Amino acid sequence: MSATRLPTSTPIHIIGVGGAGMSGVARLLHERGHHVSGCDATDSAVLDELASEGIEIFRGHDASHVEGAGLVLWSPAVPAEHVERRSAADAGVEAWDRPTFLGWLCDELRTVAVAGTHGKTTATSMLACVWQAAGLDAARLLGADVAGVGSNGHWGHDWLLLELDESYGTFAQSSPRTLAVLNIEADHLDHYGDVGQLERAFSELMLRTRGPIVIVADDAGAVRAAGRLPGVVTVGTTAGVAWFIDDVVLEPTRSRFTLRHDGEEWPIELSVTGRHNILNAAAVAALAHVNAIGFDDVARGLQSFRGAPRRFTYRGRWRDVPVYEDYAHLPGEIDATIATLREVGYQRPLIVFQPHRVTRTAALGAELGRALAGADRVIVTGIYTAGEPNPLGVTGEVVAEAVRGAGCPVTYVESLADVAQRIDLGDADVVAVLGAGDVASLVDGLPGGVV
């Protein structure tokens, strides 16, 4: 692919533009100079925001939406029989799926990418802060808007900071210049089949990468995927890594640590807390270093990062107990969130967890329960299906039973609307609301509200 295949005069239509991934694509292409239109099945605030930015928005789907388009893009969730995809094919309009588009982007710009089953938005946002500190206007494509960074999509100059998503094989055609792999945990097994296939997909991504690769060596999946690949730069807390994390200090709202590399010491302060954020920041520092970004810019950029949305976000106090929300929906993420709560001083965490997707709940129920059992008490809600079919009638009770089996007190409440009235704080000294669905709305409905 080359720029001649996508001149800025090409009108582009995006099917499923309301999703986090494709809304960023729309913004990036709009800033590049294209006339961009997009549609989605349901109305949302995201569509309103895109329209206010000058992107032509349609609510619902219709064959007429692709008229005049020179290129049609679609999200992974859009099936082949979709009316607008069929219309584009019938009219002979060039059409790319998201993997093809990301492959084109990697060819067009000097791409610095972050991959992993969790932590991608945080680490890529940290990258954006570092590049801004270095005075570089990089293009970016993130999974969410981030305070202090900007929107999830931006067209800049020369560089691209890319959050590479593994779901549905999205990164299958991407060949970044440099890459960080944070972790690989069982996920999206409805697409990959098993963890081995998932790790092989990451291995293939590493093989396609044109320059240095940074991996977090604390993560067994990332280490297995890297295998014996030469030139891999290792980061972590284990002996023998190229970038060793030392002198870790965690506080409720900030943290600091020292990176030791090649006889040098890099003291780094973060305005967020948690060992998972320290691992992310260390990977970003190493990735910046292999791209010739100096330490002062790295340190200043990382300290300016204020956190990604719904990542250990303090929401206030309810009945004098602190309340946090977090996007954690995989076992490793839940482990990290509960560990952070305990490391910053909370002793009796009460967790409210909403399972996300039917396939994920069925595949990982036991592991989710094991992770949640690290709390003092747990409330599990019904599944946020994200539109997945549920022919076997799987419920969140799968997770609740696993928590119970691990020896932790648990209550199962099927309806999220009923949870607020069922919460008994008891002696809890913190409440954390976890999940990738709409569980955060619970906080707004707590009786008497948070302050």
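Here the structure is a predicted model, which means the values were calculated and not measured.

(A) Focus on the nonpolar core. With 46 residues, the main nonpolar core has I14, L73, F101, L105, L164 and L179 as its most contacted residues. A128, L142, L161 and I293 belong to the second largest nonpolar core, which has 44 residues in total.

(B) Structural view of the sheet that holds strand β15 (residues 264-270). The mixed open sheet is built from 10 strands, whose spatial order is β8-β7-β9-β6-β10-β11-β12-β13-β14-β15. Where the open sheet ends on each side, the last strands, each with one partner, are β8 (153-154) and β15.

(C) Examining the environment of H34 more closely. Secondary-structure assignment places H34 in the loop between α1 (20-32) and β2 (36-40). In this structure H34 comes out as buried when scored by relative accessible area, which is 3%. Residues H34 and I12, 22 residues apart in the sequence, show an inter-C-alpha distance of 6.9 Å.

(D) How the structure looks around the packing of α1 against helix α4 (residues 98-108). In contact at an axis separation of 12 Å, α1 and α4 are set at 45 degrees when each is read in the N-to-C sense. In terms of orientation, α1 and α4 fall into the oblique class. The handedness of the crossing between α1 and α4 is left-handed. In contact with G21, M22, V25, L28, L29 and R32 of α1, α4 contributes R98, F101, W104, L105 and E108. For the contact of α1 with α4, the class distribution of residues is seven nonpolar, one polar and three charged.

(E) Quick look at the side chain of S174. Structurally, the position occupied by S174 is in the loop between β9 (159-163) and β10 (178-181). Of the residues examined, S174 reaches a relative accessible area of 0% and is grouped as buried. Excluding residues within four positions of it along the chain, S174 makes contact with L102, G103, C106, L164, L205 and R208.

(F) Quick peek at the pattern of salt bridges. In total, this model carries 25 salt bridges according to the counting rule given. The salt bridge partner of D48 is R59, with a shortest N-O separation of 2.4 Å. On the criterion of sequence distance, the pair formed by D48 in helix α2 (residues 45-52) and R59 in strand β3 (residues 56-59) is long-range, its members being 11 residues apart. A relative accessible area of 43% means that D48 is categorised as partly exposed. Assessed through its relative accessible area of 41%, R59 is described here as partly exposed. Measuring nitrogen to oxygen at the nearest pair gives 3.1 Å for the salt bridge that ties D335 to R370.

Each value, and the rule that gives it
- Residues numbered from 1 in each chain as written.
- Predicted model: local features only at pLDDT ≥ 70, side-chain atom pairs only at ≥ 80, totals over all residues.
- Heavy atoms only, no water.
- Core = buried A, V, L, I, M, F, W, Y, C linked by side-chain atoms within 4.5 Å.
- Buried < 20%, exposed > 50% of the residue type's maximum accessible area, 1.4 Å probe, protein only.
- Pairing = 2+ DSSP bridges.
- Helix = DSSP H or I, 4+ residues; strand = E, 2+ residues; numbered from the N terminus.
- Axes fitted to C-alpha atoms, helices over the stretch in contact; angles between N-to-C directions.
- Parallel < 35°, antiparallel > 145°, perpendicular 65-115°, else oblique.
- Left-handed = near helix turned anticlockwise from the far one by under 90°.
- Contact = heavy atoms within 4.5 Å.
- Nonpolar A, V, L, I, M, F, W, Y, C, P; charged D, E, K, R; others polar.
- Salt bridge = Lys/Arg side-chain N within 4 Å of Asp/Glu carboxyl O.

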